[in-house]
Amino acid sequence: MNAVPMCFRILKSFKAVALVPIALAATVSIAQTQPIVMASTTSTEQSGLFGTLLPAFKQTSGIDIKVVALGTGQAIDMGRRGDADVLFVHDQVAEEKVVAEGFAVKRFPVMYNDFVLVGPAADPAKTKGKDIVEALKKLNAANANFVSRGDKSGTHAAELRYWKNAGVDNPQFANYKACGCGMGPALNIGSSTNAYVLTDRGTWLSFKNRGELAVLVEGDTRLFNQYGVMVVNPARHPQVKLAEAQKFVDWIVSPAGQASIASYRIGGEQLFFPNATK
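These notes cover the structure that comes with them. (Residues numbered from 1 in each chain as written. Predicted model: local features only at pLDDT ≥ 70, side-chain atom pairs only at ≥ 80, totals over all residues. Heavy atoms only, no water.)

## Side note on the state of the cysteines
- Inspection of the entire model under this criterion finds 1 disulfide.
- The disulfide that involves Cys179 links it to Cys181, with 2.0 Å between the sulfurs. Linking Cys179 and Cys181, the disulfide has an S-S dihedral of approximately -85 degrees and is accordingly described as left-handed.
- Residue class for Cys179 comes out partly exposed when judged on its relative accessible area of 27%.
- Relative accessible area serves as the criterion here: at 15%, Cys181 is assigned to the buried category. (Disulfide = S-S within 2.5 Å. Buried < 20%, exposed > 50% of the residue type's maximum accessible area, 1.4 Å probe, protein only.)

## Here's the deal with the environment of Ala262
- If you trace the backbone, Ala262 turns up in helix α11 (residues 255-263).
- Take Ala262: its relative accessible area is 24%, and that puts it in the partly exposed class.
- The spacing of Ala262 and Phe272 is 10 residues in sequence and 6.4 Å in space, taken between C-alpha atoms.
- Other than its neighbours up to four places away in sequence, Ala262 contacts Gln270, Phe272 and Pro274. (Helix = DSSP H or I, 4+ residues; strand = E, 2+ residues; numbered from the N terminus. Contact = heavy atoms within 4.5 Å.)

## Here's the deal with unusual backbone geometry
- Notably, Lys126 is not glycine yet its phi reads approximately 60 degrees, a positive angle.
- Inspection of the secondary structure assignment puts Lys126 in the loop between β4 (104-120) and α6 (132-142).
- Positive phi, normally seen in glycine, also occurs at Asn143, with a value near 50 degrees.
- Judged by its relative accessible area of 30%, Asn143 is partly exposed.

## Points about the pattern of salt bridges
- In this structure the tally under the stated criterion is 11 salt bridges.
- The salt bridge involving Arg81 is made with Asp83; its shortest N-O contact spans 2.8 Å.
- Arg107 is the partner of Glu95 in a salt bridge, and the nearest nitrogen-oxygen pair spans 2.5 Å. Placement of Glu95 in helix α5 (residues 92-100) and of Arg107 in strand β4 is noted, with a sequence separation of 12 residues between them.
- In this structure Arg107 comes out as buried when scored by relative accessible area, which is 16%.
- Each of Asp77, Arg80 and Glu101 takes part in one network of salt bridges that share partners. (Salt bridge = Lys/Arg side-chain N within 4 Å of Asp/Glu carboxyl O.)

Spelled out as structure tokens, the structure:
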């Protein structure tokens, strides 16, 4: 009488045991496919570069990346808090500082482009040329319309260095406006108000709403714009996905990653120049 119920009990137990490894495998699979978080400057995201890089990296590694695009200062602060796994930014002084503080493992140079000063094509302040410092002196003297990102980004840090070189420690002329925003929004404000803006060339080349804006100052060696990449230190933040983040760093500085950077162009013009091995 009890033989049939016993069989069912045995079969039920067998099914329960058999499902354990399946459930564990599903858990492992989910863990393996969780994306890593990359805190990055807005210029790499708004220029469209990641549309080329991230699919190429995933094809090689199977790893997804969630990008949080912020000013470099804010991106580095995410790393300090442990809210990101990898940092991709462009303020070498700040990058070296966060490594020295122990919040990032090691900084690797990745690529470069340059900053340019854009402004109304009529150039009422007469800034056109190669000297960024002289251009800013003229903007200050003319009380010209100028839009600053004002967001502690790599571009904002560079702008403040140039103002200091121009003898203006804290630009406060009436038409100097800090938007506290990313590069794309700053350019949109510049376009709508016919103002001067310091921008990285990559974002400028991908920017469509130019209005009357044109490149006025370029070619000054001081406008060089270097990008670096770093893994957030798991000794400070154990939740960091070290293995996956390191795979991205290793790939982006490898010949394959560097070639992917070089291949990204808009209108036939290259936006970023790989220099990880230089």
